[in-house]
Structure formats: C-alpha cells, structure tokens
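Structure at a glance
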Amino acid sequence: MNSNRCWGSPFSKAEIEQTLANKQLLTAELELSRVCDLRCIYCYASSGEKLKNELSFDEITAAVNQCRNLGARKIIILGGGEPMLYPRIMDVIRYIHDLGMEMELFSNGTRITPGIASELYALKVQPVIKFNSLDPATQDLLAGKKNAYKAIRLGLNNLLEAGYSNGDIPIGGQTIICRQNYSEIPEMWCWLRSRTIIPYFETITDQGRAKDHIELALSPEKISTLFDELSRIDREEFGIEWEPKPPVAAFSCKRHFYSCTITTTGDVIPCPGVDITAGNLRMGSLEEIINSSEVFQNLRSISQTITGPCKSCDLSAECYGCRGMAHHLNGDYLSSDPLCWRN
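As a starting point, this report considers the structure included with it. From a predicted model like this one, the values you see are computed outputs, not experimental measurements.

Structurally, the position occupied by Asn-132 is in the loop between strand E4 (126-130) and helix H5 (136-143). The exposure class assigned to Asn-132 is buried, which follows from its relative accessible area of 0%. A polar contact is formed between the side chain of Asn-132 and the backbone nitrogen of Ile-176, at a distance of 2.9 Å. Once residues within four sequence positions are removed from consideration, Asn-132 is found in contact with Tyr-42, Gln-139, Leu-142, Gln-174, Thr-175, Ile-176, Asn-181, Glu-184 and Met-188.

Have a look at this one:
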C-alpha cells in the first residue's frame, strides 16, 4: 500500500485534509431512478418502480456540474435502482466523461450488452457488478428473481470480453455478506481476485428490504472470522495487506470526509446508509446545503463527534465503522458501529 494514501481510499491524507479545509468534495454518489428489473431482498432503497418527481436529465447534469464545481473528481453512479434502465444512462455517462471526470457504475449487469460494454470500456467507466454467489439458486434467491444469475453472469462476461480483463481499467464485483452465501465467500473472493476483479464485499445495512429479511443477518463474531480469513487469503495468496474491520472487507469507509449522495428526487444525504436529508437541489445549491447541514458537519468532524467504543478504538485514526448501521440500528449516526466485533 502506498503510505501516502489513506487506507482504503484512493485519495491521500493531504488531499482529504485540503478538501475538508476548503469545504469541497472529491467524489459524489448519484442516483438516477428507482426503476429496477430485480427485487433483491436486501436492497437498501427497496427499488423497483419509478418514484414521482424524479430528477430530469437536465437536473441530473446540473447536479453533476455542481459536484464538479465543488472539486469532485469522480461521480459514482448508484442508480437508486438499476442505472442501465434509466432511459438516458449513456447520455449521462458521456456527459460526465466529457467533463473529464472519473466514473464508477454500480450495476446488476443484466442490461450490459456487448455493445454497451464496449462503450463503457472506451469511456473508461469503472463498473462494479453484482456478484452475490457462485451458485445460481442462491444468487436468484438474493436477487428476488428467477434466472438472475444467468443474466448477471452474461453482463459480467460481456465487460471482461470488451477489455476489462486487461486490468487497465478497474472492474469490481459487489457482494452482500449474509447467512445464505457465508460459506462460499472465500471461494468467491479468490474467483474475483484471480480474474483481476476487485472484490467489494460488504455487510448489510439494516434498511430497505433487509428489515423484512432478518434471516440474512450474521453475528459480529461470524463477520470477524470471515474478514480474518479474507485478510489471510489476500496476504498469503495475492500479496495484499489489510487490517480486518467492518463494513467492507479490505477497505475503510472515508466517504463522509469528502462525498455526498444525491437521490433520485434531488435530496442531498451523506450516504445511502445515513439517509438523513440535508436539503434538496430544487430548493438550494449543493454548496449551501452541505455547508449549512449539521449532519454533514458532524460527519466531517467524526473523529471528534463519534461516541462510544469507536472513539477510543486503536484503529480510530483510520476507521469509524459504518455510520449507516449506527444510524439504523442505534438511531444515532454518531454512535459506535453495532456490528463491529471490536466494540
């Protein structure tokens, strides 16, 4: 790991500190529509159908411009639902590309044809594709739709064949760690690493459809055991060193120092997990909303405002746990991560 980089972040400590001092952004997460062709039983947004009053294309591009003017270098397209079902998704992607900004695209992969995959590669989009199981039945169960496994795998293969297998543009596989796929997680991790696909394996936030599916949940002890095993695999088989801690294996969440999320209806929230509205872009500028928000200011000063065992943890200089889990399980986004085994 580059010692000049913040652990688990693409940005250096100096870049993050400067961004905080200037009250700016480095990244922004953008939802486009709640429309989705799957019904994942853990979905944070309970996506499926379009919401009333979703942002227009012009409002979306205006939001991107505001992010860029605040210093954002990368737009992370979450979709809110499945972004490839947004009618003008490629127009959004081309617009961001023409501004000279980086892009990550979180997609279930079911709508990524060979032609779309080729254009995404040409535009240097960094895709992250759903990858919840190597077993078709388990993947279909978690996706809430029959034959989801086949469609997801086809989309991933289209991306790899379009050039992402070369390793010059990052591609990731996103996995929700749950009871149903727990035993196969190490095999999945190796499957991705051996294909130069970055594993993005995270614990479930207790929101959206996950609240109705308690059978997904794992204890902190089980998660700790799994993260230790994944860390060992990376160290011994791939030469990658990292300290196990939630909520994402091999990463530390730093987003609250330099990011925000813009929802499908224009609300500005700290992240999908901390879904506390600071304001709406139809009522004010992004800069005004962020800089006048108590929630954003508390999170940007999290090392001082966090409470409980997380505050005194020996990893507190590089980790603050999952703020979304604290928000939804404890009712306090500044409290300690309730699923961290270190608490």
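For strand E3 (residues 102-107), the tally of buried residues reaches five of six residues, placing the bulk of the element in the interior. The pairing of strand E2 (residues 74-80) with E3 spans four bridges and is parallel. Its bridge partner being in E3, Ile-76 is matched across the sheet by Glu-104. For the crossover that starts at E2, traverses helix H3 (residues 89-98) and ends in the parallel E3, the hand is right-handed. Note that the unit made of E3, helix H4 (residues 114-122) and E4 has a crossover that is right-handed.

What follows concerns the nonpolar core. Judged by nonpolar contacts, the single largest core of 82 residues is most densely connected at Ile-75, Ile-77, Ile-93, Leu-120, Cys-260 and Leu-286. Per-element accounting of this core gives the leading share, six residues, to helix H6 (residues 148-162). Among the nonpolar cores identified, the runner-up in size contains 16 residues, and Cys-271, Val-295, Ile-306 and Cys-310 belong to it.

What follows concerns the pattern of salt bridges. On inspection of all chains with the given rule, the structure shows 17 salt bridges. As a salt-bridge pair, Arg-232 and Glu-229 come within 2.7 Å of each other at their nearest N and O atoms. Note that Arg-232 and Glu-229 are positioned in helix H8 (residues 220-238) at a spacing of three residues, about one turn of the helix. We classify Glu-229 as partly exposed; its relative accessible area is 29%. One salt bridge connects Arg-342 with Asp-314, and the closest N-O pair in it is separated by 3.6 Å. A residue pair is termed long-range when its members are at least 10 positions apart, and Arg-342 in the segment after helix H13 (323-330) and Asp-314 in the loop between helix H12 (309-312) and H13 qualify at 28 residues.

A separate point is H3. Looking only at H3, the buried set comprises Ile-89, Met-90, Val-92, Ile-93 and Ile-96. Within H3, the buried residues cover an arc of 155° as seen down the axis, which keeps them to one side. Contact partners of the buried residues in H3: strand E1 (27-33), helix H2 (57-69), E2, E3 and H4. Positioned one or two residues after H3, Gly-100 has a phi angle of 80°, which is positive.

Here is what the cut-offs are and how they apply
Residues numbered from 1 in each chain as written. Predicted model: local features only at pLDDT ≥ 70, side-chain atom pairs only at ≥ 80, totals over all residues. Heavy atoms only, no water. Helix = DSSP H or I, 4+ residues; strand = E, 2+ residues; numbered from the N terminus. Buried < 20%, exposed > 50% of the residue type's maximum accessible area, 1.4 Å probe, protein only. Polar contact = N/O pair within 3.5 Å; in protein donor to acceptor, adjacent residues only side chain to side chain. Contact = heavy atoms within 4.5 Å. Pairing = 2+ DSSP bridges. Right-handed = clockwise from strand over helix to strand, strands pointing away. Core = buried A, V, L, I, M, F, W, Y, C linked by side-chain atoms within 4.5 Å. Salt bridge = Lys/Arg side-chain N within 4 Å of Asp/Glu carboxyl O. Arc of directions from axis to C-beta.

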